[in-house]
Amino acid sequence: MRLETIRNKSMNNAYVTMTKNVDLAYQATHMNEFRTDIQEVRGQLVAVINFIITVFACFLFGYKAVEYTLPVPNLAGQTLAGIVIASIGALADLYFLAKQIEKTP
């Protein structure tokens with residue numbers, strides 16, 4: 001019993017000496033930096049998903065607009081109109097993304 005108590009105290013002292021240099025303020029700062037990094041990545045991910053959805057929606061709009069306008073389906077014309085409108089939408093979205101990146105410090 002006494003040997004076990006002495007062994008536990010010795011192990012506890014060894015643990016305390018190993019961990020006495022750990023700075024809790026550093027850990028808190030490190031976690032705040034990690035949280036900031038995660039928020040930045042989340043914002044960038046939302047921007048990428050928004051870009052993809054916008055380009056797809058522009059393509060779909062151009063494709064369906066030509067389909068509803070022409071009396072006879074014209075697959076080449078529909079695809080071409082979809083690509084042109086999707087390109088215009090992509091350029092506009094890239095412009096606003098660049099403008100937003102320029103504004104952020």
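Residues numbered from 1 in each chain as written. Predicted model: local features only at pLDDT ≥ 70, side-chain atom pairs only at ≥ 80, totals over all residues. Heavy atoms only, no water.

A.B. asks: Help me get a handle on the overall build of the chain, residues and values and all.
C.D. replies: What the chain contains, in helices and strands, is three helices and zero strands. Ordered by position in the sequence, the α and β elements of the chain form the string α-α-α. Counting every position in the chain, which comprises 105 residues, the buried fraction comes to 10%. In the chain, once contacts between residues fewer than 6 apart in sequence are set aside, the share between residues at least 24 apart is 53%. (Helix = DSSP H or I, 4+ residues; strand = E, 2+ residues; numbered from the N terminus. Buried < 20%, exposed > 50% of the residue type's maximum accessible area, 1.4 Å probe, protein only. Contact = heavy atoms within 4.5 Å.)

A.B. asks: Tell me about helix 3 (residues 75-103), residues and numbers included.
C.D. replies: For helix 3, spanning 29 residues, the distance from its first C-alpha to its last is 42 Å, which sits close to the expected 42 Å at 1.5 Å a residue. Buried residues of helix 3: Gln78, Ala81, Gly82, Ala86, Gly89, Ala90 and Asp93, and no others. (Expected span 1.5 Å × (residues − 1).)

A.B. asks: Quick rundown of the layout of surface pockets? Include the residues and the values.
C.D. replies: Taken as a whole, the largest pocket encloses approximately 330 Å³ of empty space. Around the largest pocket, the lining comprises 11 residues; the ones closest to its centre are Gly43, Gln44, Ala47, Leu97 and Ile101. Contributions of two or more residues to the lining of the largest pocket are made by helix 2 (24-69) and helix 3. No other element matches the seven residues that helix 2 contributes to the lining of the largest pocket. Grouping the amino acids of the lining of the largest pocket by side-chain chemistry returns five nonpolar, five polar and one charged. (1 Å grid on protein atoms, 1.4 Å probe; cavity = no way out; pocket = protein on both sides within 12 Å on 5 of 7 lines; lining within 4 Å. Points joined across faces, edges and corners; volume = space filled by probe spheres on them. Nonpolar A, V, L, I, M, F, W, Y, C, P; charged D, E, K, R; others polar.)

A.B. asks: Tell me about the packing of aromatic side chains, and please be specific about residues and values.
C.D. replies: This structure, assessed with the given rule, holds two aromatic pairs. Plain terms: the ring middles of Tyr95 and Phe96 are 5.2 Å apart, the flat faces sit at 70° to each other, and that makes the pair edge-to-face. (Phe/Tyr/Trp six-rings, centres within 6.5 Å; stacked < 30°, edge-to-face > 60°.)

By themselves these figures say nothing about function.
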